[in-house]
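Structural features, examined
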Amino acid sequence: MSLPVIRMRHRDIDEKHRASTPLELLFDLTFVVAVQAVVTQLAHGIEADELAEALPNFVMVFFAIWWAWLTFTWFASAYDTDDVPYRLLTMLQMGGVLVLAAGVPAAFNNGDFLLITVGYFIMRLALVAQWLRAAIQDPEGRATALRYAAGIAFVQALWIGRLLLVGNLPLPAQIGIFGFLAACELAVPLWAERRGYTRWHPHHIAERYGLFTIILLGESVLAATVGVQAIVTAGDASGEFVLLAASGLALLFGIWWVYYLEPAGEGLEKRRQRSFVWGFGHYFVFAALAALGAGLEVAVQSLSHEAEVDGTTVAYSVAIPVAVFLVAMQVLYRPLLGSDTAIRPATSLVGAAAVLVIPLLAPVVSFGITVLLITLVIAAIITVTVLQQRSRAAKTIDEGARHGF
């Protein structure tokens, strides 16, 4: 069966039953490899008590992974044709992700960003080609598409220049240059869409972000599983190990539940103008979930006494990502949904504060108990939110009955 070449035009923002395509799901699989690489390296940095060196690398490498995924996702929501040229360019981007993933260990261990930059260049080159195709075939969005292509190409040239400079610079200077270039990346969509907004589908975008959240939670499961296998192989399994494994699984389930409590699709549909803050701000949600995977791996490894850090640091490696996740969710969804947010601000903030206090108990309680207590906080947030939702629903029904609706 031949696959026709389709004229690239804006997709309908009101398209019914718009869902992720099989190609998008395949594309996401390559990010599993990249995320796993960065989570593993962060975990190793925490275990070796070298967080000061590992954390900046995590922030920078994860930005490249996240931004490459994000820019493809929003482009696909507006212009997905799923024809031969589109598929081949998507495959090229997938290859770039794998090259980037291969360069993660060198970046963390030696400060060598060559492979990461090459992989990122491949991904960005393919996206520039996609935008140029959109500019040629979609007259209505041509000005915006050309701005995207030019902006991405210009910033990519700056990343290549960074590669030639950072090797001899101290880490603070490297971080400063990275911050400037990351800001340039974020500025490209803001500048490009001044000539007209791309017609992305709100519910499709919400689904794509939800799927990436699941990928990150899956990496947490994988990271913890690696540690579990090591303990079982060494014959160190105990009741403490079982408690930690069960609590970790329940924690990830709770995080998933919290994320899906908020109706992102409805908010994006009603308030499209706030999509930039919501979409860009998800860096903190996604980075927190990736860091949580590293924290759980370190917690499991600590049971076998392989980690070189103290118990409080291990506990905070789990608690801080959870707290950042809770706060970031509130900061992103409150402007998007207003009073329609499922989780109230007080509930999130009190929960985040409680999570950050729990690691102070680490010197007197086990890792399993620490993770269990954090999990119970998440469970309490979910319970309070569900009860509040039921109360509001019952109140709405009662008011409707009194008014004869």
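Attention in this report is confined to the structure presented alongside it. (Residues numbered from 1 in each chain as written. Predicted model: local features only at pLDDT ≥ 70, side-chain atom pairs only at ≥ 80, totals over all residues. Heavy atoms only, no water.)

Moving on: the overall build of the chain. A count of helices and strands for the chain gives 14 helices and zero strands. In sequence order, the secondary structure elements of the chain are arranged as α-α-α-α-α-α-α-α-α-α-α-α-α-α. Based on the C-alpha atoms only, the size of the chain along its principal axes is roughly 75 × 65 × 45 Å. When burial is assessed residue by residue, the chain has 52% of its 405 residues classed as buried. In the chain, of all internal contacts separated by at least 6 residues, the share reaching a separation of at least 24 is 84%. Accessible area of the chain: about 17,800 Å², with a carbon and sulfur share of 68%. In the chain, which carries 25 positive and 31 negative side-chain charges, the distance between the mean positions of the two groups comes to 16 Å. (Helix = DSSP H or I, 4+ residues; strand = E, 2+ residues; numbered from the N terminus. Buried < 20%, exposed > 50% of the residue type's maximum accessible area, 1.4 Å probe, protein only. Contact = heavy atoms within 4.5 Å. Areas by Shrake-Rupley, 256 points an atom, 1.4 Å probe, with all protein chains shown as cover. Lys, Arg positive; Asp, Glu negative; His and termini not counted. Charge placed at Lys NZ, Arg CZ, Asp CG, Glu CD.)

This paragraph deals with empty space enclosed by the protein. Evaluated as defined, the whole model comprises two cavities of 30 Å³ or more. If you add up the space inside the largest cavity, you get close to 160 Å³. If you go around the largest cavity, the residues you meet are Met60, Val61, Phe63, Ala64, Phe113, Ile116, Thr117, Tyr120, Trp159, Arg162, Leu163 and Phe178. A per-element tally of the lining of the largest cavity places helix H2 (residues 51–79) first, with four residues. Approximately 40 Å³ is the volume attributed to the second largest cavity. (1 Å grid on protein atoms, 1.4 Å probe; cavity = no way out; pocket = protein on both sides within 12 Å on 5 of 7 lines; lining within 4 Å. Points joined across faces, edges and corners; volume = space filled by probe spheres on them.)

A word on unusual backbone geometry. A positive phi angle is found at aspartate 49, which is not glycine, with a value near 60°. The topology assignment puts aspartate 49 in the loop between helix H1 (22–47) and H2. Classification of aspartate 49 by relative accessible area gives exposed; the value is 54%.

Here the focus is helix H12 (residues 311–337). Quick reminder: α-helices carry 3.6 residues per turn. Residues three or four places apart thus point the same way. With 27 residues, H12 should cover 39 Å at 1.5 Å per step; its first-to-last C-alpha distance of 39 Å lies within 8% of that length. Along H12, the sharpest change in direction is near 25° and occurs at serine 317; proline proline 321 comes one to four residues later. One or two residues past the end of H12 sits glycine 338, with phi positive at roughly 65°. (Expected span 1.5 Å × (residues − 1). Bend = angle between axes of the 7 residues up to and from the residue.)

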